[in-house]
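A structural walkthrough
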Amino acid sequence: MYNGVEYKERLDRIRKLKIDFLQNGLKDEELLSCPYLDRKIAASWIRSRSMGVNPYAQVIGQHLNCSELESIREKNRMLIEIAKPLFVKFKNLATSSRYGIYLFDKKGTFLLHEGEMLELPLDKDPFSGMMWNEETVGTNAHSLCALYKHPVQLVGPEHYCISLENLIVSAAPILNESGDVIACLVLGQLITNTSWDEVFQGFCLQTLGLITALAAAVEAQLKLRKSYNNLKDVNDNLITANKTFEATLSLIDEGIITVDKTGTITCANREGTRILNLSQDEIGKRNIAEFLDAQSRLMDIIKKCKNTEVEETICNGNEEQTFIINIRPVIDHRTKKLKVAVLRLSRTKKINALVTSRSGATANFTFEDIIGESEAILHAKDKAKRFANSQENILLIGESGTGKEIFAQAIHNSYCPEGPFVAVNCAALPRELVESELFGYEGGSFTGADRYGRPGKIELAEGGTLFLDEIGDMPIELQAVLLRVLEDKKVMRIGGRRYKKVDFRVIAATNKDPHKLVKEKIFREDLYYRLSVLKIIIPPLRERGRDAEILAQYFIERYCNKVGRKVPQVSPAVVKIFNEYNWPGNVRQLENAVLYAINTSRSDVIEPKDLPVEIYETCLYESDNVTKNRKRYDDLDTILKLDELEKIAIIKAITKTGGNVPEAAGLLGISKSTIYRKIKEYDIKPPEFSG
Ligand SMILES: Nc1ncnc2c1ncn2[C@@H]1O[C@H](COP(=O)(O)OP(=O)(O)OP(=O)(O)O)[C@@H](O)[C@H]1O
Ligand SMILES: [Mg+2]
């Protein structure tokens, strides 16, 4: 490096060179090849001149407006925050030795300054809102420093503007993590008229090192702060994610717990803690094994690291319940070993309820759906309502189609509508399947069995009703097993090792006389007594007075509303048939007859001939009134009044058309409304139509 004298000489030469360049036409190439002016500085002079910077101006730089300045400051907020304490520390040194320290953004905007260089010909608050770059002040240290990304020192006349010739300025870049210049830290010293030697020897050369070190410190802190902020962001995001996760888990009404590879419970949602009867501070301390049966293989299965599903009984100290446990292992991405396993505990009861509801085994009817006003049906309904409230088994006895199933469903819906209603028709199942259907089986217990096993209808009825229809047809050997289940309230699957507690109510139904079955040894007496604690006899339709008529009207309206059809009238003759027919198939037969009639009838009135032929014919046969009447009218030999004749004509026409009133009207040549009016007027009764 130069010593002080050489330096001064060199600066004098540079000063002269600048005059030659600015005033005497020194060519660019000559300037660039000048041995005592740094080539980069020479190039900057040339740029400054070509950009039209006035080297003699007194007030230099460009003022930014407030909003521009505000946005630049905001962009560099963190940098300013970091540099500020350094500037404050520097303050004393700066003022006493006429130093100024400055922070510029990469475009040359003053961000911070401290210290004074009093003789600078600038405004009152000279730096606030000023932009100093090559374009506005010509060659300067921080612009070169930002351009070449390394520390730069400019001494006196090396600056382009004459007003900056009394300064020694050292600038060091501050780089971001990608190595781009984001700002420059600048140390300026005012050259006084005292000796140059003093200045150089005392300070000049060290200032560049000093400012470079400071810039490095700011840069390091900036990086630190940024990574800290990033970490804080990551942490905030993690906290939010965790909270969202916890909220989600708490909304899941199934138990979710995680266990580590030793079985320690590491996490549990609200339902999970409820199932295990755990307090929050027991999490991390208790082991899942404490809640399982000694023979449980759950941990072995978990360690296999496969997504699986098992059924387990969990005992939380107070109660024992079975759960389907879904296992999802979480593997450590580094060790590739099991880290934790997430377990979802779903109540078997709930799953079973879902299965049964999906399979359509739901109870839809309530007592309100049991239509009828007869004393007999009201009595049966009343009894059923009272029995529904007890937990005892119920036996329904009634002829075919009397409504045993609808009663069973109504009882279920009145007692435990939330629980499953599982119906088993003992007569419809092949003998060899009844057992597995009722009791279920373990995986692989017989050929053709499901690999994972299957719960039986008894298990599926847990918490609800098992409707054993046609109980009289249950194989006698199974009756013994069923009796035991009813007594012990526990069941073992075929091929199973252990009993499972079950809680359900049986509603059994039969259309046979149970006493007779017991006598014939087709039905076990003990089972009969067990089931018939509460017995309801559902009366046949023929014992229900006018209920047939009421039910028929109900079925007609229900059907027509369903298919969007006009509700037809029912002729009095048909009403009479409904009320008097024997109905061996009871309500079901009545319903079928009504649907048949609606679909057969071609008019707005249902007539006897619209009914199924067996009903219609039986009525004809049974109605001896008809024959009597017919005789009376055929034997007429006396003169009758006109209206009597009219009545006879109508009866004859109706009889001829087989009860079809509109057709009879056609035969008589009168309108439909007239014939109906006359029927009413002459009080023609339905049996008189027939025949
Ligand atoms: N009182 C009633 N009110 C309304 N509908 C009824 C009534 N009784 C029976 N039903 C209807 O009649 C039909 C037969 O009823 P259900 O199946 O309950 O009889 P069931 O006694 O179980 O017959 P089965 O002995 O043949 O099994 C069903 O469509 C049912 O909806
Ligand atoms: Mg039935």
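You'll find the structure just up there.
Now for a look at the structure at hand.

Reading the values: rules and limits
- Residues numbered from 1 in each chain as written.
- Chains lettered and ligands numbered in written order.
- Predicted model: local features only at pLDDT ≥ 70, side-chain atom pairs only at ≥ 80, totals over all residues.
- Heavy atoms only, no water.
- Pairing = 2+ DSSP bridges.
- Helix = DSSP H or I, 4+ residues; strand = E, 2+ residues; numbered from the N terminus.
- Axes fitted to C-alpha atoms, helices over the stretch in contact; angles between N-to-C directions.
- Buried < 20%, exposed > 50% of the residue type's maximum accessible area, 1.4 Å probe, protein only.
- Arc of directions from axis to C-beta.
- Phe/Tyr/Trp six-rings, centres within 6.5 Å; stacked < 30°, edge-to-face > 60°.
- Parallel < 35°, antiparallel > 145°, perpendicular 65-115°, else oblique.
- Left-handed = near helix turned anticlockwise from the far one by under 90°.
- Contact = heavy atoms within 4.5 Å.
- Nonpolar A, V, L, I, M, F, W, Y, C, P; charged D, E, K, R; others polar.
- Near = heavy atom within 4 Å.
- Polar contact = N/O pair within 3.5 Å; in protein donor to acceptor, adjacent residues only side chain to side chain.
- Areas by Shrake-Rupley, 256 points an atom, 1.4 Å probe, with all protein chains shown as cover.
- Domains from an automatic or database assignment.
- 1 Å grid on protein atoms, 1.4 Å probe; cavity = no way out; pocket = protein on both sides within 12 Å on 5 of 7 lines; lining within 4 Å.
- Points joined across faces, edges and corners; volume = space filled by probe spheres on them.
- Core = buried A, V, L, I, M, F, W, Y, C linked by side-chain atoms within 4.5 Å.

A short note on the sheet that holds strand S13 (residues 394-398)
- Read across the sheet, 5 strands follow the order S14-S17-S20-S13-S21 without closing on themselves; strand pairing throughout is parallel. The outermost strands of the open sheet, each flanked by one partner alone, are strand S14 (421-425) and strand S21 (534-538). With strand direction ignored, the average angle separating the axes of adjacent strands in the sheet is 20°.
- In the sheet, S13 pairs with strand S20 (residues 505-510) via 4 bridges, with the strands oriented parallel. Opposite Ile 394, over in S20, you have Ile 507 as the bridge partner.

Remarks on unusual backbone geometry
- Its identity as a non-glycine residue notwithstanding, Lys 149 has a phi of 55°, on the positive side.
- The residue Lys 149 is located in the loop between helix H7 (141-148) and strand S5 (152-155) in this model.
- We classify Lys 149 as partly exposed; its relative accessible area is 44%.
- Notably, Lys 521 is not glycine yet its phi reads approximately 60°, a positive angle.
- Among the structural elements, Lys 521 can be located in the loop between helix H17 (514-519) and helix H18 (525-531).

Quick look at helix H26 (residues 672-681)
- Buried within H26 we find Thr 674, Ile 675, Lys 678 and Ile 679. When H26 is viewed along its axis, its buried side chains cluster within an angular range of 135° and face the same direction. Away from its buried face, by an angle of more than 90 degrees, H26 presents the exposed residues Ser 673 and Lys 680.
- The first or second residue beyond H26 is Asp 683, which carries a positive phi of 55°.

Observations regarding the sheet that holds strand S11 (residues 320-331)
- On the basis of which strands lie adjacent, the open sheet formed by 5 strands has the order S9-S8-S12-S11-S10 and antiparallel pairing. The sheet is open, and its two edges are formed by strand S9 (265-268) and strand S10 (308-315), each paired on a single side. Neighbour-to-neighbour, the strand axes of this sheet turn through a mean angle of 30°, independent of strand direction.

Some thoughts on the environment of Gly 100
- Within the secondary structure layout, Gly 100 lies in strand S2 (residues 99-105).
- Exposure remark for Gly 100: the relative accessible area of 0% places this residue in the buried category.
- Along the sequence, Gly 100 and Gly 188 sit 88 residues apart, while their C-alpha atoms lie 5.1 Å from each other.

Some words on the packing of aromatic side chains
- Within the structure shown, the criterion is met by 10 aromatic pairs.
- Aromatic side chains Phe 110 and Trp 132 sit 5.3 Å apart centroid to centroid with 75° between the ring planes, which places their arrangement in the edge-to-face category. Placement of the pair is Phe 110 in strand S3 (residues 110-115) and Trp 132 in the loop between strand S4 (130-131) and helix H6 (134-137), with a sequence separation of 22 residues. The pair formed by Phe 110 and Trp 132 is uniform in burial state, with each residue classed as buried.
- With 5.4 Å between their ring centres and 55° between their planes, Tyr 554 and Phe 555 make a pair best called tilted.

Regarding the packing of helix H12 (residues 375-388) against helix H13 (residues 404-415)
- The geometry of H12 relative to H13 is characterised by a closest axis approach of 9 Å and an angle of 40° between their N-to-C directions. Compared by their axis directions, H12 and H13 come out oblique. Seen along the crossing, H12 lies across H13 with a hand that is right-handed. On H13, the residues touching Ile 377, Ala 380, Lys 381, Ala 384 and Ala 388 of H12 are Phe 407, Ile 411, Ser 414 and Tyr 415.
- Taken together, the residues of the contact of H12 with H13 sort by class into 7 nonpolar, 1 polar and 1 charged.

Let's talk about the site of ligand 1
- The immediate surroundings of ligand 1 are formed by 18 residues, with Ile 371, Gly 401, Gly 403, Lys 404 and Arg 588 found nearest.
- One of the side-chain N or O atoms of Ser 400 is found 3.2 Å from an oxygen atom in ligand 1.
- Here an oxygen atom of ligand 1 and a backbone polar atom of Glu 405 are 3.1 Å apart.
- Within the complex, the protein chains bury 87% of what would otherwise be the 620 Å² of accessible surface of ligand 1.
- At the level of elements, H13, helix H19 (547-563) and helix H21 (586-600) are the ones that each hand at least two residues to the shell around ligand 1.
- Residues lining the shell around ligand 1 come from more than one domain, with at least three contributed by each of domain 3 (362-539) and domain 4 (542-619).

Re the layout of surface pockets
- Estimates place the volume of the second largest pocket at around 520 Å³.
- For the second largest pocket, the lining is made up of 24 residues, of which Gly 401, Thr 402, Gly 403, Ile 406 and Arg 588 are closest to its centre.
- The residue makeup of the lining of the second largest pocket, split by class, is 10 nonpolar, 5 polar and 9 charged.
- Each of two domains, domain 3 (362-539) and domain 4 (542-619), supplies a minimum of three residues to the lining of the second largest pocket.

Things to note about empty space enclosed by the protein
- With the rule as written, the count across this model stands at 4 cavities of 30 Å³ or more.
- If you go around the second largest cavity, the residues you meet are Leu 395, Ile 471, Gly 472, Thr 510, Pro 514, Leu 517, Phe 523 and Tyr 528.
- For the lining of the second largest cavity, a count of residues per class yields 6 nonpolar, 2 polar and no charged.

Let's talk about the nonpolar core
- In terms of nonpolar packing, the biggest core is built from 41 residues, with Leu 31, Leu 37, Trp 45 and Trp 132 touching the most fellow members.
- For this core, the secondary structure elements donating two or more residues are helix H1 (4-23), helix H3 (39-50), S2, H7, S5, strand S6 (167-175) and strand S7 (181-190).
- Per-element accounting of this core gives the leading share, 5 residues, to H1.
- Not counting residues up to four positions away in its chain, the partners in contact with Leu 31 are Leu 17, Phe 21, Leu 26, Leu 37, Ala 42, Trp 45 and Ile 46.
- Ile 397, Phe 439, Ile 458 and Leu 478 belong to the second largest nonpolar core, which has 32 residues in total.

Side note on the pairing of S5
- Neither face of S5 is exposed, since Val 152 and Leu 154 on one face and Gln 153 and Val 155 on the opposite face are all buried.
- Both S5 and S6 contribute to a ladder of 4 bridges, which runs antiparallel. Bridge pairing in S6 links Leu 154 to Val 169.

Considering the pairing of S11
- As judged from the 8 bridges shared by S10 and S11, these two strands associate in the antiparallel manner. Bridge pairing in S11 links Ile 314 to Gln 321.
- Taken together, S10 and the strand that follows it, S11, pair antiparallel across an intervening segment of 4 residues, in which Gly 317 is found at a positive phi of about 100°.
- Where S11 and strand S12 (residues 338-347) come together, 9 bridges link them in antiparallel fashion. By the bridge assignment for S12, Arg 328 is matched with Val 342.
- Hairpin connection from S11 to S12: 6 residues lie between these consecutive antiparallel strands, with Lys 336 at a positive phi of about 65°.

Remember, this is a structural readout, not a statement about activity or role.
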